[in-house]
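Descriptive structure summary
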Amino acid sequence: MEQWHKEAVVYQIYPKSYLDTNGDGIGDLRGIINKLDYIKSLGVNTVWLSPCYPSPGDDNGYDISDYRGIAAEYGTLEEFKELLDGMHSRGIRLLMDLVVNHTSDEHQWFVESRKSRDNPYRDYYIWRDPVDGKEPNGWTAAFGGSAWEYDEATGQYYLHLFSKKQPDLNWENPKVRQEIADMINYWLDMGVDGFRCDVINNISKDFTRPYAGGNGPRLHEFLHELHVKALEPHKALTVGETWGLTPAQALDLTGEARGELTMTFQFEHLLLGRVGGDKFDPEPLDKKAFVDILAKWEEGLKEDSYPVLVMENHDQPRALSRFGDRENYPYESATMLAALLYGMRGVPFIYQGQELGLHDPTFQSLEEYRDIETLNAYAELKATGKWTDEELLAKMQYGSRDCGRVPMPWNTEKEGGFTTGTPWLKTQIDPGFTVAEQEEDPKSVLNFYRKLFELRKSIPALADGEFKLLWNEDDVSVYTRTAEGVTVYVVCNFSAEKKDIPSCFPHGGAILLNNYDNEKEWLQPYQALWIKTR
Ligand code: TEU
Ligand code: CA
């Protein structure tokens, strides 16, 4: 297994919302090319690019109609190669998004598949006869409704774990597996460095289960096959998007001897502040659990794997709005969250705009939303008659994926400099929350992130040192990272109150990182410190 992932610091780009250079209101590859020096300046060395393949856009590109092309609205394959070269010449690696649990219903394979029961592509997808005139089982789709869609033409249902425009591929079919391996080789031969693998644990289905989902009996076998046929020969890095795993299950996918994936995301802490993990049902954040969960994963993966450190992506509202104090301590709480998470052992993933400490935009009406999940959830919840329109809008504001998808605020000009036209999704430009302003301010979240990543790179204890949680009580946490006789203490006050320092606080030592100017009088509200001791 390739080891470069241990030094990786990954920046996720959602191309539709990064930078538009031709005024059509949609971000494009040229926009990313124009910002490569900015990306480099963050101290990241890897980019994960969300899908930029041709797609009808039912789920913003997570419904792919051609695995080997570039969507016209984003640019051309030539521009993609220019982007890749531009990254490589700056020492930045590129991870593409691998969306192979499903395709678009407009993918040629599915267009063929639905034509007749004996079409050569029929078995590329999962077709079932009706049972008692109804759906084959009770599985529901992530975006609402049944996971089965009836197709008149051939009198069978096809499975879709997401929208009905995202039919699930049939991984039991060896031809499908070969097509995917070939496609992976196509991008790796071009020079791409690896993949973020969308809902990858769903590729093997377990039909004995009452609820929809993956982790089916052949998951490990399918992944190992891809590893042998495509990933390993290219030393590609993979990070699996795998919801709901235990650390033991994650180890089974990522252990070095397994030959499956390099790493998996863990999102358990991102389910907090939501009743039963339901993103549209808020509850107060359990801060102790937040730190305990992260520590559990640090401990659980230390033997044989490498954790991923993530708190934002294109599916999540902003961390500042979810876990921080946007009203009173936007800078302090955004930087505390970064110091807390990225002091840990693992690969940092940051999502565009996170480096500015952005908070969620304010949506005034349903018309301002674009996300299929939000629009479907709104309609479904409204149909229950339990909530007023105002309550429903508050729910969407709390959990919508569009919160993290609004365009990047580059400067204080119209639409934040994102576009000269009409943006595909509203922009939100707040004073102090643009790249241009934060560049000028030494005490900005942006410059804090830069400093943090610089430290991680230069201090072995932070790069790969052993993790130990010493204290997690009363909204104060202390953990250490140790290597080569050096220990770095990470001390965080996860609250808006002043707190006393716990007894395990190191006396002496050099302060590496501090989100306050003080040398003493800790701990201030949301104060975070990295302290190096011998
Ligand atoms: O997301 C998978 C997923 O399970 C969720 O994070 C998803 O956002 C949704 O909230 C489920 O209720 C991945 C992608 O990241 C997401 O953008 C896609 O919509 C999805 O897969 C389908 O490809
Ligand atoms: Ca554009």
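The coordinates are above.
Described below are features of the structure shown in this document. Along each chain, the written sequence defines residue order, and numbers are assigned to residues from 1. Chains carry letters and ligands carry numbers; both start at the beginning, A for chains and 1 for ligands, and go up in the order they are written. Local features are withheld for residues below a pLDDT of 70 in this predicted model, meaning they are given only at 70 or higher, and side-chain atom pairs are given and counted only at 80 or more; totals for whole chains, interfaces and linings count all residues. Excluding hydrogens and water, the side-chain figures rest on all heavy atoms present in the structure.

A few points about the overall build of the chain
Every helix listed is a DSSP run of H or I at least four residues long, and every strand listed is a run of E at least two residues long, numbered separately from the N terminus. Check the secondary structure of the chain and you find 15 helices and 16 strands. Relative to the globule expectation of 24 Å for 534 residues, the C-alpha radius of gyration of the chain, 23 Å, shows essentially globular dimensions. For the chain, the spread of C-alpha atoms along the three principal axes comes to 75 × 50 × 45 Å. Exposure categories follow from relative accessible area, calculated using a 1.4 Å probe and restricted to protein chains: below 20% of the type maximum is buried, above 50% is exposed, and the middle band is partly exposed. Taken over 534 residues, the chain has a buried fraction of 60%. Residue contacts are defined here by distance: any two heavy atoms, one from each residue, within 4.5 Å place the two residues in contact. Considering only contacts in the chain between residues 6 or more positions apart, those separated by 24 or more positions represent 69%. The quantity called the radius of gyration is restricted to C-alpha atoms. Its globule counterpart is 2.2 Å times the number of residues to the power 0.38.

Structural notes on helix α12 (residues 389–399)
Residues of α12 that are buried: Leu392, Lys395, Met396 and Gly399. Summarising the axial view, the buried residues of α12 lie within an arc of 95°, below the 170-degree limit, and thus occupy one face. Those residues of α12 that are buried are in contact with α11 (372–383). Arc definition: directions from the helix axis to the C-beta atoms.

Focus: the sheet that holds strand β15 (residues 510–514)
Ordered in space as β12-β13-β14-β16-β15, the five strands form an open sheet in which the pairing is antiparallel. For this open sheet the edge positions go to β12 (466–473) and β15, each flanked by a neighbour on one side alone. In this sheet, neighbouring strand axes are inclined to one another by 20° on average, regardless of whether the strands run parallel or antiparallel. Geometry is summarised by axes, namely lines fitted to C-alpha atoms with helices restricted to the contacting stretch, and by angles between N-to-C directions that run from 0 to 180 degrees. Contacts from helix α10 (residues 330–342) reach β13 (476–483), β14 (486–493), β15 and β16 (528–533), with the element oriented near 145° to β14. When DSSP locates at least two bridges between a pair of strands, those strands are taken to pair.

Looking at the coordination of the calcium ion (ligand 2)
Note that water is not among the atoms used; donors are N, O and S atoms within 2.8 Å of the metal (3.2 Å for Na, K and Ca), so sites may look incomplete. Protein-derived coordination of the calcium ion (ligand 2) comes from Asp20 (OD), Asn22 (OD1), Asp24 (OD), Ile26 (O) and Asp28 (OD), at a distance range of 2.3 to 2.4 Å. Spacing between the donor residues of the calcium ion (ligand 2) along their common chain follows D-x1-N-x1-D-x1-I-x1-D. In this pair, the class of Asp20 matches that of Ile26, namely buried.

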